[in-house]
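Fold and geometry: a report
So you can see what is in the structure, the chains are spelled out below.
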Amino acid sequence: ANMRFSVISLEEDEWEAWVARQQEDARTVTEETVAATAPREDFRIDLASLAWPSGPRSSGAPHGGTPMDFWRSMQEPPEQENPELIAEGRRYFRELACIGCHTIRGHESMGITGPDLTHYGSRTTIASALLDNTPENLYRWLRFPEHVKPGNIMYRDGYAAAGLEVTSEQAEAMVAYLLSLK
C-alpha cells in the first residue's frame with residue numbers, strides 16, 4: 001500500500017508541548033504575523049531544476065543534519081514568508097475543492113475523507129511517508145499525485161473524478177500555504 005510512518009521520540013515536556021500545539025487551530029499567516037521579518041518575495045520553485053526522487057525518502061534530513069534536527073526545524077515558522085502567496089494558496093485550496101476532502105481546523109476546510117492538514121507544515125514526510133516534506137516534493141505531489149504514488153485516492157477520487165489539473169502557479173501557491181500551517 002506504500003504507507004510508511006516515522007517515529008519521533010521526545011522527552012515528556014516536549015511531547016506535552018507538541019500535543020498542545022497539535023490541538024490548536026491552524027496558524028493563519030497575515031502581514032501582521034510576519035511583520036518582524038521581511039516577506040519572502042522570492043519563493044518560487046525552480047521547475048527546471050526539479051529532479052524526480054530516485055528512490056524512497058532519505059534516511060536523514062533532506063538538507064543535512066539528523067532526522068530529529070529536520071523534525072525540530074519543521075515545528076517553527078520559517079524566518080521569512082510571503083503572506084500574499086500564502087493567501088493565494090489558501091484561495092486555490094478552496095477553489096480547487098481540496099476543502100471537500102481535507103480538514104484544516106480554524107480555516108474554512110472541513111473535509112472528512114482525506115488526511116487532516118491542520119498542522120501540515122510541521123510534518124517531515126508526505127504521501128504516506130514516501131517523500132520528505134520539502135517544497136519541491138510537495139509541488140510534485142500536488143501537480144502529479146498519480147506519478148508520485150500510483151493508484152492513490154487523492155488522484156483517483158479527486159483529480160481524475162473531477163477532471164482537475166493543478167497548474168504550476170496553483171501548486172506553487174498551495175505549497176507556500178500548506179507549509180505555513182505549523
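The structure reproduced in this document is the subject of the present report. (Residues numbered from 1 in each chain as written. Predicted model: local features only at pLDDT ≥ 70, side-chain atom pairs only at ≥ 80, totals over all residues. Heavy atoms only, no water.)

Concerning the pattern of salt bridges
- Scanning the model with the defined rule gives 7 salt bridges in all.
- Of the charged contacts in the structure, one is a salt bridge between Glu-81 and Arg-27, with a shortest N-O distance of 2.5 Å. Residue Glu-81 is located in the loop between helix H2 (67-74) and helix H3 (83-95), and its partner Arg-27 is located in the loop between helix H1 (12-22) and H2; the two are separated by 54 residues in the primary sequence.
- Residue Glu-81 is classed as buried on the basis of its relative accessible area of 6%.
- Judged by relative accessible area, Arg-27 falls into the buried class, the value being 18%.
- A salt bridge links Arg-94 to Glu-108, with the shortest nitrogen-to-oxygen separation between them at 3.3 Å. Taken as a pair, Arg-94 in helix H3 and Glu-108 in the loop between strand E1 (103-104) and strand E2 (109-110) lie far apart in primary sequence, 14 residues in all.
- Take Glu-108: its relative accessible area is 35%, and that puts it in the partly exposed class.
- Among the ionic contacts, a cluster of salt bridges with common partners joins Arg-90, Arg-94 and Glu-108. (Salt bridge = Lys/Arg side-chain N within 4 Å of Asp/Glu carboxyl O. Helix = DSSP H or I, 4+ residues; strand = E, 2+ residues; numbered from the N terminus. Buried < 20%, exposed > 50% of the residue type's maximum accessible area, 1.4 Å probe, protein only.)

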